[in-house]
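Listed below are the residues making up each chain.
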Amino acid sequence: MSSTEFSAWMRQAQQRVETALDHALPAANVAPARLNEATRYATLGGGKRVRPLLVYAAGELARSPAAALDAAACAVEMIHVYSLVHDDLPCMDDDVLRRGKPTVHIEYDEATAMLVGDGLQALAFQQIGTPGLVADPARQLRMSLQLARAAGPRGMVGGQALDLAAVGQNISLEELEFMHVHKTGALIRAAVLLGALSGDASDSELETLDHFAKTIGLLFQVVDDLLDAEADTATLGKTAGKDAAHNKPTYVSLIGLADAKRFAGELRAEATRCLAPFGDRAQRLAQLTDFIVERSF
Ligand code: GRG
């Protein structure tokens, strides 16, 4: 399959989640209008939508119903956007630029940014909590549990706490990996599993997909570290070079550019190996793995 065909699929899926998010978010002209406007400002019209794309790709593999995939795609993106809005706050990463525009607390104010994140987290669970979304209620419950675990202290929030504690510290490669598997990897893992759980993937297929998802979650972060070190702010749409400026341990600072690139290559090969048993059904997941490595922002 050509890269032009994949680009067309990706654009269509990005448009699909944009429309689903537009419908799922409260309108900007209903009360509380400022909060609703800020939530739409944070969520709509930006980002690569990597997590929703993973939901759709895993859903294609598992023959999942369209409505369940849209709900799961919105849910993971809502959690992701909430994390970005809170991460940019002065009490965390203190950033002014996100997705090429002023961060929410700059465009609005800090209290609004807090509430935007809180609201998005609740809305995410509302998306996948709709009764009858998936034929088997037990599977639907597993989707909620998976997302809750990925977002919470055993997942993204725990990883963020480790990230904050690591600033200016000498941490080992194992500690760095543990932090990233939680901070970035957990939600990527949830995206793949929610897509597969909303369809007919068997438990052994879910296990293989879980290993794949853990691998690309780490791969995503290694590439993020490389981009932070090598790309410019205009291309990234967020402040470049921040990791070094903030004295944050990264794959680049711990093992250097060349070894970080080598590690990314190993993870890519491992991810590809995981998909082999699925044959053509995993084509989109394979293409997304390539996209994660080859992206420029
Ligand atoms: C504040 C609870 C809380 C968690 C924050 C994920 C996270 C934890 C913070 C995001 C900050 C960051 C730079 C994380 C590193 C990798 C990452 C998740 C980058 C942003 O994701 P992309 O590249 O962004 O998918 P887009 O804008 O394309 O969606």
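So, here's what we can say about the structure. Quick caveat: nothing in here was measured; it's all calculated off a predicted structure.

## Focus on the overall build of the protein chain
Helix and strand content of the protein chain: 14 helices and two strands. The C-alpha atoms of the protein chain give 18 Å as radius of gyration, which agrees with the globular expectation for 297 residues (19 Å, within 12%). Dimensions along the principal axes, computed over C-alpha positions, put the protein chain at roughly 50 × 50 × 35 Å. The buried share of the protein chain, taken over its 297 residues, is 52%. Both charge centroids of the protein chain, one from 28 positive and one from 38 negative side chains, sit 3 Å from each other.

## Concerning the site of the ligand
Close to the ligand lie 20 residues, the nearest being Lys-48, Arg-51, His-80, Asp-87 and Arg-99. Between Lys-48 and the ligand, the recorded distance is 2.6 Å, taken from a side-chain N or O atom to an oxygen atom. Side-chain polar atom of His-80 to an oxygen atom of the ligand: 2.8 Å apart, as the coordinates give it. Taken by itself the ligand offers 700 Å² of open surface, and the protein chains cover 92% of this. Listed by contribution, the elements that provide at least two residues to the shell around the ligand are α4 (66-87), α8 (156-166), α9 (173-197) and α10 (203-230). No other element matches the six residues that α4 contributes to the shell around the ligand.

## Brief notes about helix α6 (residues 110-129)
Taking 1.5 Å per residue, 20 residues should reach 28 Å; α6 reaches 29 Å between its end C-alpha atoms and fits that length. Those residues of α6 that sit buried are Thr-112, Ala-113, Val-116, Gly-117, Leu-120, Leu-123, Ala-124, Gln-127 and Ile-128. Taken down its axis, α6 places every buried residue within 140 degrees of arc, on the same side. Summarising the contacts, the buried residues of α6 are in contact with α1 (3-24), α2 (33-43), α4, α5 (104-107), α7 (137-151) and α9. Its side-chain oxygen 3.2 Å from the backbone nitrogen of Ala-111, Asp-109 forms the N-cap of α6.

## Considerations on the packing of α9 against helix α13 (residues 251-275)
Taken N-terminus to C-terminus, the directions of α9 and α13 make an angle of 75 degrees; their axes are 12 Å apart at the nearest point. Considering the angle they form, α9 stands roughly perpendicular to α13. Between α9, through Leu-173, Leu-176, Glu-177 and His-180, and α13, the contact on the second element is made entirely by Tyr-251, Leu-254, Ile-255 and Phe-263. For the contact of α9 with α13, a count of residues per class yields six nonpolar, one polar and one charged.

## Examining the pattern of salt bridges
Tallying each qualifying case throughout the model produces 23 salt bridges. Measuring nitrogen to oxygen at the nearest pair gives 2.3 Å for the salt bridge that ties Arg-262 to Asp-259. A residue pair is termed a helical-turn pair when its members lie 3 or 4 positions apart in one helix, as Arg-262 and Asp-259 do in helix α13 at three residues. For Asp-259, a relative accessible area of 35% gives the class partly exposed. Several salt bridges share partner residues, and in doing so they unite Glu-18, Arg-49, Glu-77 and Arg-99 into one network.

## A word on the nonpolar core
Formed by 93 residues in total, the largest nonpolar core has its most connected members in Leu-54, Val-104, Leu-147, Ile-216 and Leu-285. For this core, the element with the most residues is α4, which contributes 13 residues. Setting aside residues up to four positions removed in sequence, Ile-216 forms contacts with Leu-54, Ile-188, Val-192, Ala-271, Thr-289 and Ile-292.

## Structural notes on the packing of α13 against helix α14 (residues 283-294)
Put simply, α13 and α14 touch, their axes get as near as 10 Å, and they point 175 degrees apart. In terms of axis orientation, α13 runs roughly antiparallel to α14. On α14, the residues touching Arg-268, Ala-271 and Leu-275 of α13 are Leu-285, Ala-286, Thr-289, Asp-290, Val-293 and Glu-294. For the contact of α13 with α14, a count of residues per class yields five nonpolar, one polar and three charged.

## A few points about the packing of aromatic side chains
Inspection of every chain in the model, using the stated rule, returns three aromatic pairs. Ring geometry for Phe-6 and Trp-9: centres 5.9 Å apart, planes at 25 degrees, overall stacked. Of this pair, Phe-6 and Trp-9 both sit in helix α1, three residues apart, which is roughly one turn of that helix. On the numbers, 5.6 Å between centres and 70 degrees between planes, the contact of Tyr-41 with Tyr-108 is edge-to-face. Here Tyr-41 is found in helix α2, whereas its partner Tyr-108 is found in the loop between α5 and α6, with 67 residues between them in sequence. Accessibility classification places Tyr-41 together with Tyr-108 in one group, the buried group. Taking the ring centre of Phe-220 as reference, the NZ or CZ of Arg-51 above it sits at 5.2 Å. If you follow Arg-295 out to its NZ or CZ, it ends over the ring of Phe-220, 4.0 Å from the centre.

The rules behind the values
- Residues numbered from 1 in each chain as written.
- Predicted model: local features only at pLDDT ≥ 70, side-chain atom pairs only at ≥ 80, totals over all residues.
- Heavy atoms only, no water.
- Helix = DSSP H or I, 4+ residues; strand = E, 2+ residues; numbered from the N terminus.
- Rg over C-alpha atoms; globule rule 2.2 N^0.38 Å.
- Buried < 20%, exposed > 50% of the residue type's maximum accessible area, 1.4 Å probe, protein only.
- Lys, Arg positive; Asp, Glu negative; His and termini not counted.
- Charge placed at Lys NZ, Arg CZ, Asp CG, Glu CD.
- Near = heavy atom within 4 Å.
- Polar contact = N/O pair within 3.5 Å; in protein donor to acceptor, adjacent residues only side chain to side chain.
- Areas by Shrake-Rupley, 256 points an atom, 1.4 Å probe, with all protein chains shown as cover.
- Expected span 1.5 Å × (residues − 1).
- Arc of directions from axis to C-beta.
- Contact = heavy atoms within 4.5 Å.
- Axes fitted to C-alpha atoms, helices over the stretch in contact; angles between N-to-C directions.
- Parallel < 35°, antiparallel > 145°, perpendicular 65-115°, else oblique.
- Nonpolar A, V, L, I, M, F, W, Y, C, P; charged D, E, K, R; others polar.
- Salt bridge = Lys/Arg side-chain N within 4 Å of Asp/Glu carboxyl O.
- Core = buried A, V, L, I, M, F, W, Y, C linked by side-chain atoms within 4.5 Å.
- Phe/Tyr/Trp six-rings, centres within 6.5 Å; stacked < 30°, edge-to-face > 60°.
- Lys NZ or Arg CZ within 6 Å of the ring centre and 35° of its normal.

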